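# Notes for the structure review
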Amino acid sequence: MIRIGICDDSSAFLHQTQFMIDHWDNRPQDIITELFEDGDALILAHSQNPFDIILLDIVMPMLNGIDAAKELREKDKNVKIVFLTSSAEFALDSYTVKASNYLLKPLEPTQFFTCLDELIFDIKSVSKCIIVKGLDAVYRIPLSNIEHVESQSKHIIFYTSDNKTIESTDPLYTYENILLFEDGFFKCHRSYIINIH
């Protein structure tokens, strides 16, 4: 499933963008979109159930798009961010948050759909991943990087092949239906799931 968050203070533009995505020729069947009229609502939703792609206006009241993207990047280094804006003046700022693209309004359909095609290809070409709500951030962990998961008291710890540990307050059973035997995982003990590869 591909989750796309669209954030713009113009309700008309939100629905126009939604309409374009609904009529995108290469649209994958497993896409879900959510619409937001301010950056704070988007950030909150992303912290609870992360998006794969965020389409973000820059010029918005309260929290502008660049600042919203900075907050998102503090917690998620991997989400694809595309700025959709009527002003070219912030293009350089978009590099500071590692934006995937910067498209000017009104959106030119071919350019917009090409951007989405490239993002979907990038997302689907990455190995299978899981989303883990860590203590300090949301992490996207490739399954091939997980060595084992251990339950300790009321926390679980993911041990990865690059010698990192990611701690979460989610219970171990949350991941039992995600880390499957067909992907190389085995629950060898009530407190451990191991990668048999």
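Quick caveat: nothing in here was measured; it's all calculated off a predicted structure.

### Digging into the overall build of the protein
If you tally the helices and strands in the protein, you get six helices and 12 strands. Looking at the 197 residues of the protein, the share that counts as buried comes to 43%. Look at the contacts in the protein between residues 6 or more apart in sequence, and 53% of them connect residues 24 or more apart. Total accessible area on the protein stands at roughly 10800 Å², and carbon and sulfur atoms take up 52% of it. Computed over 17 positive and 30 negative side-chain charges, the separation of the two mean positions in the protein equals 7 Å.

### Focus on the environment of K124
Note that K124 resides in helix α5 (residues 109-125). Residues K124 and I2, spaced 122 residues apart in sequence, show a C-alpha to C-alpha distance of 9.2 Å.

### Section: the pattern of salt bridges
Inspection of every chain in the model, using the stated rule, returns seven salt bridges. Measuring nitrogen to oxygen at the nearest pair gives 3.1 Å for the salt bridge that ties R140 to D52. A residue pair is termed long-range when its members are at least 10 positions apart, and R140 in strand β7 (residues 138-142) and D52 in the loop between α2 (39-48) and β3 (53-56) qualify at 88 residues. By relative accessible area, R140 is classed as partly exposed at 23%. Between D57 and K105 there is a salt bridge; the shortest N-O distance is 3.4 Å. Within this pair, whereas D57 is found in the loop between β3 and α3 (65-75), its partner K105 is found in the loop between β5 (101-104) and α5, the two being separated by 48 residues in sequence. Overlapping salt bridges, with partners in common, bring together D8, D57 and K105 in one network.

### Description of the nonpolar core
In globular proteins that are soluble, nonpolar side chains generally tend to be buried together. One finds I53, L55 and F112 to be the most contacted residues of the largest nonpolar core, which totals 22 residues. Secondary-structure elements contributing two or more residues to this core are β1 (2-7), α1 (11-22), β3, β4 (80-85) and α5. Looking at which element gives the most residues to this core, the answer is α5, with seven residues. With residues near it in sequence (within four places) discarded, L55 still touches I4, G5, I6, C7, T17, I21, V82, L84 and F112. Of all hydrophobic cores here, the second largest spans 20 residues; its members include F51, A69, L72 and Y102.

Reading the values: the criteria
Residues numbered from 1 in each chain as written. Predicted model: local features only at pLDDT ≥ 70, side-chain atom pairs only at ≥ 80, totals over all residues. Heavy atoms only, no water. Helix = DSSP H or I, 4+ residues; strand = E, 2+ residues; numbered from the N terminus. Buried < 20%, exposed > 50% of the residue type's maximum accessible area, 1.4 Å probe, protein only. Contact = heavy atoms within 4.5 Å. Areas by Shrake-Rupley, 256 points an atom, 1.4 Å probe, with all protein chains shown as cover. Lys, Arg positive; Asp, Glu negative; His and termini not counted. Charge placed at Lys NZ, Arg CZ, Asp CG, Glu CD. Salt bridge = Lys/Arg side-chain N within 4 Å of Asp/Glu carboxyl O. Core = buried A, V, L, I, M, F, W, Y, C linked by side-chain atoms within 4.5 Å.

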